[in-house]
Amino acid sequence: MNRKDLQTIIYAEKAKEENNKYKYKIHVCCGAGCISSGSEEVLKKLQEEIKQRELENEIEIVPTGCMGPCNQGPLIKFEPNHTIYQKVDCSNIASIVQNQIIDKKPIEEMLLFANFRTKAFINAQEDPFFKKQLKITLKNCGDINPEKLEDYLVHDGYKALDKVLFEMSSEDVIAEIKHSRMRGRGGAGYPTGLKWETVYKYISNQKYVICNGDEGDPGAFMDRSVLEGNPHRVLEGMLIAGYAVGANKGFAYIRGEYPLAIKRFELAIKQARKMGLLGNNILGSNFSFDIEIRIGAGAFVCGEETALIASIEGKRGTPRPRPPFPAESGLWGKPTLINNVETFAGIAPIINNGGEWYSEIGTPKSAGTKVFALAGKINISGLIEVPMGTSLHEIVYDIGGGIQHDHEFKAAQTGGPSGGCIPAQHIDVKMDYESLINLGSIMGSGGLIIMDNYTEMVDVARFFMEFCMDESCGKCVPCRVGTKMMHDLIKKINDGKGTKIDLERLEELAVYVKETSLCGLGASAPNPLLSTLRYFRNEYEEKIQKA
Amino acid sequence: MGFMKFNEQQLAEFNRLVARYPEGKQKSALLPVLHLAQESFGGWLSEEALNYVAELLQIKPIEVYEVATFYSMYHLKPVGKYVFEVCQTGPCMLRGSDNIIQYIENTLGIKPGETTADGLFTLKTVECLGACGYAPMMQLGKHYREHLTKEKVDAIIEECRKNAAVNN
Ligand SMILES: Cc1cc2nc3c(=O)[nH]c(=O)nc-3n(C[C@H](O)[C@H](O)[C@H](O)COP(=O)(O)O)c2cc1C
Ligand code: FES
C-alpha cells in the first residue's frame, strides 16, 4: 500500500464516522482491570440488551482500553453525553439502558464517583478527576477500540508517520523532538531528542530500536495501560524513531506478566504489516522497518537497558557496566535506541502539533505531561495524565478524591524502589523532575503510592528493600549482599529488636551500596530507606527505644 | 503430563521463533523457546526438557540452565493445574495482600511454592503485576483476579474445582 491508498482509507473511514447513523455510542472499558471485574460479560449482556430492544441501528458498542478510574470498574460510558456508570454488572444493564437511553434520566447513584462526591456529574468530564487532567499520551485510550486499526486511523493515527516519511528528513525529525524538550519516561528522564541524535550519528550497516515495556516498578501500570489501550500509538512512535535514527528493525520487550498487552500489541503488528505500515518500503517510501515482540520471563532487573539487551540475546538478564552505552554498542553489538513505552507513545503528537507546542506544556525543565498510576490508600486509584508541574495536592485530593476512609495523607512514594517518599509537609510540591529530586525522591516511571497515617514508614522501607533484595540479579556483591544486610537490619528494627548501632550500620551500608553497585537497581536501592529516614527518623528511633 | 518432544505444529513455531534473529544468533530465541516448551510440556520445565531445548538450539545445556533458573516465570518443578500468583508487593500489601496470602495458605494447606496433593493448586507469591489499582490481586492463567477478599478467594477455588471436574 502506498501513501495515496492510506489517505483514501482514512478519508473513507472518516466519512463513515461522520455519517455515523448511530445516535449513541456506548464505550465499555476492556482494560485488564475492568475485564477481571467482569467487563467482558457486561459487554456481551449489553449487546444482547441492545439487540433485544432493537436499538442496533441507533447504538454502537465499542470495547475500549483503560478509561482511568480503575478502582471503579467495570465502567461504561455513554456518548455523546460523556455519562459514565461505575461498577456495572450484568444485572443492572437493563435498567441503565432504560433510564439513560429511553427515559433520558441517568441513574444518579450509579454514576461514576457517586460514592465519593456529594454530587456525581452526568457529564463525567466535569468531574475534577477528568477536568484536571490533560491527556496527550492517553488521548485515545478509553475512546477507541484498541483492536481496530481503523479506529486509530480516524483519530489521526499514522498521520505523523506519513508526515515524517514524506515531508521530513531524519535530521528534521530529531530537531523537532529536541525542540519539544521531551525527556524519557522510563525513569531517568534523559532528553529523548539527544538520545536519538546520538544513535543517528553512529555509522553502522545495522541499527536497532527497542521499546522498553518491562515495567516492573511496584505501583506502576502506565505502560501496560498504554499498550492495552492504544498499541498503534506505540508502534507509530517506534516507526518514527526507526526512521530518525536509521534503523530497520525494532523489538518490543513486554513483560511476560502482561498477557493482554502482549496480545493487543501482537495484533497491532499484524494489522500494520497487512496495511503496509510495517515491512519493506513503507507507504511507498524508501523506509523499511519491522517489529518483533519479545516476551519477558519475570525479572525486574531486565528493565535496565543493558540487562534487557542481554535478555533479548538469550542470556541471563544481568546489567553490564556502561559505557559503552547501547547507543554505541547495544543489541548484538550494534547501535541501539532504547526508549520507554510512554516515551514512544508521546512521539506522534509532537510530530503532529510541533515541538514548540509540546515544549510549552509543563514546566521549563520538564516539558509535556506525565502519566501517573495512583495506588495505595487513595480513594480513586487508577491511571491519570497531568501537565508536568501539577501539584501533588491536586493529584491526591482533586483527581484522586482524597484518602480512603477519610484518613490523613501521610506520604506518597514516587519512583518505586528507586525513589523516595514525599511527606505531608511537602504535599504542595510541583511534580516535575527537579522538584522531586530536591525533596530526595525521583520522578521514576510514574507509580504514585499513597500512604495514610496508619502506614508505618519503617515497614514501607522494609518492603521496598525486600523487593530490591529479591530482584537483585546477583552479579555484583554490593547489591546482592548489601540489599540483604540492609533488609535484615530494617526488619530487625521493624520487629522491635533493633539498636542504635543497627541504625548507624544501616546508614553506613546505604551509602556504600549506593556508591559501589554496578547498575541502577543497587545504586538506588537505599533510596526509600534514606528518604524515610530523612522525614520519619522518629519512627525508627521510637522502635529502637521500645526495644 | 511430563516431557515429550515438540509436535509438528510446535516445531513450526520453534522455527518461526528462531528465524526472527540474525544468522548465528539463534541463542537469542532461547527465552521464547523456553516459554513454548513450558506451555507445551505441562506447565513446567524438566531437566530433560531443558536438554532438549539446548539440543534444538545447538547450544550447551549449561547455557539453558543458567537462563531457566534466572527468570521467575520458568517453573523447574511440576505445578498444579491452577497457579495462584498472588502479588505481595507494597501497594497490594497496603491493601491487605498479607491476609489474602495467609488465607489461601490456610484454605489450601500449602505454602508459597507448594502444590496441593491433588495436583490442582500451586501458590506462588510474585512481585507487582502492574494491577495495583485493584489491589489486592492475583493472576490466574491469563487473567487478573482483583479486589480479593476471603469470599472471592473461596469462589475462585470453587470455580477451579468445578472446571477441573468438568474437564475430567
Ligand atoms: C533496575 C532498573 C529497572 C528499570 N526498569 C525500567 C522499566 O521497566 N522500563 C523502562 O522503560 N525503563 C526502565 N529502566 C530504565 C532503562 O534502563 C532506560 O533508561 C530506559 O528504558 C530508557 O528509556 P527512556 O529514555 O525513554 O526513559 C530501568 C532501570 C533500572 C536501573
Ligand atoms: S503491587 Fe500488587 S499489583 Fe502492583
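Residues numbered from 1 in each chain as written. Chains lettered and ligands numbered in written order. Predicted model: local features only at pLDDT ≥ 70, side-chain atom pairs only at ≥ 80, totals over all residues.

1. Section: the overall build of chain B
Next up, step 1: The helix and strand tally for chain B stands at seven helices and four strands.
Next up, step 2: The order of helices and strands in chain B, counted from the N terminus, is α-α-α-α-β-α-α-β-β-β-α.
Next up, step 3: C-alpha atoms of chain B, sized along the principal axes, occupy 50 × 35 × 25 Å.
Next up, step 4: Here chain B holds 168 residues, and the buried ones make up 39% of them. (Helix = DSSP H or I, 4+ residues; strand = E, 2+ residues; numbered from the N terminus. Buried ≥ 20, exposed ≤ 12 C-beta atoms within 10 Å, placed from the backbone.)

2. Description of the site of ligand 1
Residues and elements named next belong to chain A.
Next up, step 1: Neighbouring ligand 1 are 23 residues, the closest being Gly-184, Gly-186, Gly-303, Asn-340 and Gly-520.
Next up, step 2: Of all the elements, strand E8 (residues 336-340) adds the most residues to the shell around ligand 1, at three residues.
Next up, step 3: Here the shell around ligand 1 is built from residues that sort into six nonpolar, 11 polar and six charged.
Next up, step 4: Shared between two domains, the shell around ligand 1 holds at least three residues of each, these being domain 2 (149-354) and domain 4 (457-546). (Near = placed C-beta within 6 Å. Nonpolar A, V, L, I, M, F, W, Y, C, P; charged D, E, K, R; others polar. Domains from an automatic or database assignment.)

3. Topic: the domain arrangement of chain A
All names here are of chain A.
Next up, step 1: Split by domain assignment, chain A resolves into domain 1 (22-127), domain 2 (149-354), domain 3 (369-452) and domain 4 (457-546).
Next up, step 2: One C-alpha centre belongs to domain 3, the other to domain 4, and the line joining them spans 22 Å.
Next up, step 3: Across the boundary between the two partners, domain 3 contributes nine residues, which contact 13 residues of domain 4.
Next up, step 4: For the side of domain 3 that touches domain 4, the element with the most residues is strand E12 (residues 420-423), which contributes three residues.
Next up, step 5: For the side of domain 3 that touches domain 4, the residue count by class is four nonpolar, five polar and no charged. (Contact = placed C-beta atoms within 7 Å.)

4. Some remarks on the packing of helix H20 (residues 477-494) of chain A against helix H21 (residues 500-516) of chain A
Residues and elements named next belong to chain A.
Next up, step 1: With their axes 10 Å apart at the nearest point, H20 and H21 run at an angle of 155 degrees to one another. By the angle between their directions, the pair H20 and H21 is classed as roughly antiparallel. Crossing of H20 against H21: the hand is left-handed. Here Pro-478, Cys-479, Gly-482, Thr-483, Met-485, Met-486, Leu-489, Ile-490, Lys-492 and Ile-493 of H20 lie close against H21, whose contacting residues are Asp-502, Leu-503, Arg-505, Leu-506, Leu-509, Ala-510, Tyr-512, Val-513 and Thr-516. (Axes fitted to C-alpha atoms, helices over the stretch in contact; angles between N-to-C directions. Parallel < 35°, antiparallel > 145°, perpendicular 65-115°, else oblique. Left-handed = near helix turned anticlockwise from the far one by under 90°.)

5. Points about the interface of chain B and chain A
Interface size is commonly expressed as the accessible surface area that is lost when the partners come together.
Next up, step 1: Tallying the contact residues gives 37 residues for chain B and 46 residues for chain A.
Next up, step 2: Secondary-structure elements contributing two or more residues to the side of chain B that touches chain A are helix H2 (30-40), helix H4 (61-70), helix H5 (90-94) and strand E4 (143-145) of chain B.
Next up, step 3: Split by residue class, the side of chain B that touches chain A holds 20 nonpolar, nine polar and eight charged.

6. Focus: the sheet that holds strand E13 (residues 447-452) of chain A
Residue and element names in this part refer to chain A.
Next up, step 1: Strand order in the open sheet made by the five strands is E10-E9-E13-E11-E12, with mixed pairing throughout. In the strand order of this sheet, the two ends are held by strand E10 (382-387) and E12, each with one partner. Put simply, the sheet's adjacent strands are angled 30 degrees from each other on average, direction ignored.
Next up, step 2: Strand direction decides the pairing type here: strand E9 (residues 369-376) and E13, joined by four bridges, are parallel. (Pairing = 2+ DSSP bridges.)

7. Quick notes on the domain arrangement of chain B
Next up, step 1: Segmenting chain B into domains produces domain 1 (8-70) and domain 2 (82-167).
Next up, step 2: Here the C-alpha centroids of domain 1 of chain B and domain 2 of chain B sit 29 Å apart.

8. Observations regarding helix H12 (residues 259-274) of chain A
Residues three or four positions apart in an α-helix share a direction because the helix packs 3.6 residues into each turn.
Residue and element names in this part refer to chain A.
Next up, step 1: Taking 1.5 Å of rise per residue, 16 residues should cover 22 Å, and H12 covers 23 Å from first to last C-alpha, within 8% of that figure.
Next up, step 2: Among all positions of H12, only Leu-260, Ala-261, Ile-262, Arg-264, Phe-265, Ala-268, Ile-269 and Ala-272 are buried.
Next up, step 3: Looking at the buried side of H12, the elements it contacts are helix H2 (32-36), helix H10 (222-229), helix H11 (231-245), strand E6 (249-254) and strand E7 (290-295).
Next up, step 4: Positive backbone phi, approximately 75 degrees, marks Gly-276, located one or two places after H12. (Expected span 1.5 Å × (residues − 1).)

9. Observations concerning unusual backbone geometry
All names here are of chain A.
Next up, step 1: Of note, the amide linkage connecting Glu-79 to Pro-80 takes the cis form, showing an omega dihedral of 10 degrees.
Next up, step 2: Residue Pro-324 follows Pro-323 across a cis peptide bond; omega there is 0 degrees.
Next up, step 3: In this structure, Pro-324 sits in the loop between helix H13 (305-312) and E8.

10. A closer look at the environment of Tyr433(A)
Next up, step 1: Within the secondary structure, Tyr433(A) is located in helix H18 (residues 433-438).
Next up, step 2: The spacing of Tyr433(A) and Ala367(A) is 66 residues in sequence and 9.8 Å in space, taken between C-alpha atoms.

11. Some words on the sheet that holds E7(A)
Residue and element names in this part refer to chain A.
Next up, step 1: The parallel open sheet is built from four strands, whose spatial order is E7-E6-E5-E8. The strands lining the two open edges of the sheet, one partner per strand, are E7 and E8. Pairwise comparison of adjacent strand axes, ignoring direction, gives a mean angle of 20 degrees for this sheet.
Next up, step 2: Of the strand pairs in this sheet, E6 and E7 are connected by six bridges, and their pairing is parallel. Paired with Phe-251 across the strands is Glu-292, a residue of E7.
Next up, step 3: On the sheet, H12 packs against E6 and E7 and is oriented at approximately 165 degrees with respect to E7.

12. Some words on helix H17 (residues 392-399) of chain A
Residue and element names in this part refer to chain A.
Next up, step 1: Along H17, the residues that are buried comprise Leu-392, Ile-395, Val-396 and Ile-399. Within H17, the buried residues cover an arc of 125 degrees as seen down the axis, which keeps them to one side.
Next up, step 2: Check the buried side of H17 and you find it contacts helix H5 (128-131), E9, E10, strand E11 (409-414), E12 and E13.
Next up, step 3: Downstream of H17 by one or two residues, Gly-401 has phi in the positive range, about 70 degrees. (Arc of directions from axis to C-beta.)

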